[in-house]
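# Per-entry structural report
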Amino acid sequence: YPFEVDHELTEYFFASRENCDQGQKIAVTLSDYDLTADQCYAIGETTPRLNNCDCRLEKNPSTLGEPCRTEFSDRCFEIMQTDRPDDGCCERGDCISTLKDFEHPDGRAKELARRESCDNATPGLCYNEDGLGTDTNRLGSTNCCTKTCTACGIELGP
C-alpha cells in the first residue's frame with residue numbers, strides 16, 4: 001500500500017477479510033523519517049551499549065525498527081573505541097566512547113568546544129568524578145560546589 005508523503009493521516013489500520021471478523025488488525029503509524037533518524041543517531045552517542053561494544057546489537061537483541069536501528073547502530077559504532085588494542089573493556093563493560101576520551105582527537109575537540117561555551121561565574125556541575133556513573137544510570141558523583149565549568153569535563157574522568 002503506497003503512502004503519500006504529504007497525506008494528512010498518520011495512522012492506518014489493515015486487516016485481511018478472514019481476520020477482520022475476528023478483530024485482528026495491524027496498525028501502521030507514519031512519522032517523519034529524518035526526524036526519527038536524527039533522534040536515534042543522537043541516542044547512539046550516549047548508549048550504554050558503548051560500554052560492552054554491543055553497538056551492532058548482537059549481544060542483546062533490540063526491537064528498534066528502521067531508520068532508528070541503522071542510525072543508532074552506525075553512530076554508536078562510529079564512536080566506539082576500535083582504534084586501540086583490546087584491553088578487555090568489552091568483556092568488563094567499561095569501555096568509553098571516543099567522545100569521552102580526552103586523549104582521543106574527537107574527545108579532545110568536543111571537550112575543548114564545551115569549555116569555550118562555559119561561564120565560570122556559574123558553578124559547574126561535575127558528574128561522575130568517582131567513575132561509577134554512566135549516561136543512563138545516574139550513579140556517578142555530582143560536584144557543583146567546588147568546581148567551575150571549565151574545571152569539569154572528560155579530562156577528569158576515567
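Owing to the predicted nature of the structure, the values given are computational and were not obtained by experimental measurement. (Residues numbered from 1 in each chain as written. Predicted model: local features only at pLDDT ≥ 70, side-chain atom pairs only at ≥ 80, totals over all residues. Heavy atoms only, no water.)

## Digging into the nonpolar core
- In this structure, L50, C53, C55, C76, I79, M80, C89, C90, C95 and L99 together form the largest nonpolar core, which totals 10 residues.
- If near-sequence neighbours (up to four positions away) are discounted, L50 is found in contact with G44, E45, C55, C76, I79, M80, C95 and S97. (Core = buried A, V, L, I, M, F, W, Y, C linked by side-chain atoms within 4.5 Å. Buried < 20%, exposed > 50% of the residue type's maximum accessible area, 1.4 Å probe, protein only. Contact = heavy atoms within 4.5 Å.)

## Details of the state of the cysteines
- Under the criterion given, the structure shown has four disulfides.
- Here C40 engages in a disulfide with C68; their sulfurs sit 1.8 Å apart. Here C40 and C68 share a disulfide; its torsion about the S-S bond, -95°, makes the bridge left-handed. On the criterion of sequence distance, the pair formed by C40 in helix 2 (residues 33-43) and C68 in helix 3 (residues 68-79) is long-range, its members being 28 residues apart. With respect to burial, C40 and C68 carry one shared label: buried.
- Across a sulfur-sulfur distance of 1.8 Å, C53 and C90 are joined as a disulfide pair. Note on the C53 and C90 pair: the S-S dihedral is about -70°, so by sign convention the disulfide is left-handed. With C53 in the loop between helix 2 and helix 3 and C90 in helix 4 (residues 89-92), the pair connects residues that are 37 residues apart, well separated along the chain. This pair shows no difference in class: C53 is buried, exactly as C90 is. (Disulfide = S-S within 2.5 Å. Helix = DSSP H or I, 4+ residues; strand = E, 2+ residues; numbered from the N terminus.)

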